[in-house]
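Listed below are the residues making up each chain.
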Amino acid sequence: MRQLVVIALVGFAAQLVDGALGMGYGATSSSFLLVAGLTPVMASATVHLAEVGTNVASGVSHWRLGNVDWRLVGRIGVPGAIGAALGATVLAHLSTEAARPLMAMILGGLGMYIMLRYIFRPPQVSDARRSPHRKRFLVPLGLVGGFVDATGGGGWGPISTTTLMSAGKTAPRTVIGSVDTSEFLVSASASAAFLVHLGLLGVEWPLVLALLLGGIVAAPIAAWLVSRIPARTMGIAVGGLIIMTNLNTLLAAGGIDKQGLTLGFAGFVAVWFALVIAMAVRESRVKKAQAEALAAAEAEWSI
């Protein structure tokens, strides 16, 4: 029961991150499930089965708030589902010894990508509520995102959301809402593929339900927070957390001894904390300066 409560909290936190940033649910929850001792294929299957439910809750929440472009959902979600089925099949046929460092590498890379992106290149801002991107751009993006998502236990958001944000042609709330909604197709496809290879009895259903319940509770809160949370600070924090939970596996796979593991882990945590604090202070100063400028402009107008 204690383990299920912890898994439910992981699902809650992961969905808050995913709903607010448009990424991170799979990478965050898969990382913690690996730490808990699940095999890579079981971790990815558990996450994707739970995501089927959380994606519905998140999609409905974003739809009610007007954050969804349904054309974008279809154009990126369908190829994403195809890629996810292929990725789940590949992961299911890998041995645990080969899959664990592979998944840690994918998740660690995604974490590094998220963290560095929010440090050096935060999402551009656009007011367009309908995405102008065409199929020749969205189809390959969906295929790659879906494949990496199923193989690594996460990656749909970091690949799809960050790519669309980088283009700066669609409003952030529309990108996040549409990518979250399209993820239902990716999760459903990956889940079906995992069930074909594992069977119903090969899935830890209590863990799936715990993740699902935690995510469902968090989904409407995350949709509300999407335009109110300091995205750069959260992006750095989430990226570092994903790296941290996979760092030991990555270092061990590189042949580093126990003392080296400890030093490497401690060094990364120290740098990560410093970056989070520095960005939080910076965001606070920027917000304060904007508020002062607005107050000065209002005072000058009233005179």
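Reading guide: rules and limits
Residues numbered from 1 in each chain as written. Predicted model: local features only at pLDDT ≥ 70, side-chain atom pairs only at ≥ 80, totals over all residues. Heavy atoms only, no water. Helix = DSSP H or I, 4+ residues; strand = E, 2+ residues; numbered from the N terminus. Buried < 20%, exposed > 50% of the residue type's maximum accessible area, 1.4 Å probe, protein only. Areas by Shrake-Rupley, 256 points an atom, 1.4 Å probe, with all protein chains shown as cover. Phe/Tyr/Trp six-rings, centres within 6.5 Å; stacked < 30°, edge-to-face > 60°. Core = buried A, V, L, I, M, F, W, Y, C linked by side-chain atoms within 4.5 Å. Salt bridge = Lys/Arg side-chain N within 4 Å of Asp/Glu carboxyl O. Axes fitted to C-alpha atoms, helices over the stretch in contact; angles between N-to-C directions. Left-handed = near helix turned anticlockwise from the far one by under 90°. Nonpolar A, V, L, I, M, F, W, Y, C, P; charged D, E, K, R; others polar. Contact = heavy atoms within 4.5 Å. Expected span 1.5 Å × (residues − 1). Polar contact = N/O pair within 3.5 Å; in protein donor to acceptor, adjacent residues only side chain to side chain. Parallel < 35°, antiparallel > 145°, perpendicular 65-115°, else oblique.

Observations concerning the overall build of the chain
Counting secondary structure elements, the chain contains eleven helices and zero strands. Burial status across the chain gives 49% buried among its 303 residues. When the accessible surface of the chain is totalled, it reaches about 13900 Å², and 69% of it is carbon and sulfur.

A word on the packing of aromatic side chains
Using the criterion set out here, one finds two aromatic pairs in the structure. Measuring from centroid to centroid gives 6.5 Å for phenylalanine 268 and tryptophan 272, while their planes differ by 15°, and the two rings are stacked. Taken as a pair, phenylalanine 268 and tryptophan 272 lie in helix α11 (residues 258-302) at a separation of four residues, close to a single helical turn. Across the pair, exposure class does not vary: phenylalanine 268 and tryptophan 272 are buried alike. Grouped by ring-pair contacts, the aromatic residues Phe268, Trp272 and Phe273 constitute a single cluster.

Here we look at the nonpolar core
Formed by 63 residues in total, the largest nonpolar core has its most connected members in Leu33, Met115, Leu164, Phe194, Leu211, Ile236 and Phe268. For this core, the element with the highest residue contribution is helix α10 (residues 231-253), accounting for eight residues.

A word on the pattern of salt bridges
What the rule picks out here adds up to one salt bridge. Glutamate 283 is paired through a salt bridge with arginine 282; the nearest N and O atoms lie 3.6 Å apart. Taking the relative accessible area as the measure of exposure, glutamate 283 reaches 21% and is therefore partly exposed.

A look at the packing of helix α4 (residues 70-92) against helix α6 (residues 135-152)
Orientation of α4 relative to α6, taken along the N-to-C sense of each, is 35°, at an axis distance of 6 Å. Note that α4 runs across α6; the crossing there is right-handed. Its residues assigned to classes, the contact of α4 with α6 comprises 15 nonpolar, six polar and two charged.

Things to note about the environment of valine 139
Secondary-structure assignment places valine 139 in helix α6. The spatial distance from the C-alpha of valine 139 to the C-alpha of proline 79 is 5.6 Å, given a sequence separation of 60 residues. Residue contacts for valine 139: discarding those within four places in its chain leaves Arg75 and Pro79.

Thoughts on α6
Given a rise of 1.5 Å per residue, 18 residues ought to cover 26 Å, and the 25 Å separating the end C-alpha atoms of α6 matches this to within 8%. Listed as buried for α6 are Leu138, Leu141, Gly142, Gly145, Gly146, Asp149, Ala150, Thr151 and Gly152.

Considering the environment of asparagine 55
Among the structural elements, asparagine 55 can be located in helix α3 (residues 40-64). In this structure, the C-alpha to C-alpha distance between asparagine 55 and phenylalanine 184, residues 129 residues apart in sequence, is 5.1 Å. Not counting the four nearest positions on each side in its chain, asparagine 55 is found in contact with Asp180, Glu183, Phe184 and Ser187. Within polar-contact distance, the side chain of asparagine 55 engages the backbone nitrogen of phenylalanine 184 at 3.5 Å.

Here's the deal with the packing of α6 against helix α8 (residues 172-198)
Between α6 and α8, the shortest axis-to-axis distance is 10 Å and the interhelical angle comes to 50°. The angle between the axes of α6 and α8 places the two elements in the oblique class. Between α6 and α8 lies a crossing whose hand is right-handed. Residue-level inspection shows Gly146, Asp149 and Ala150 of α6 in contact with α8, the latter providing Glu183, Val186, Ala190 and Phe194. Taken together, the residues that form the contact of α6 with α8 break down as four nonpolar, one polar and two charged.

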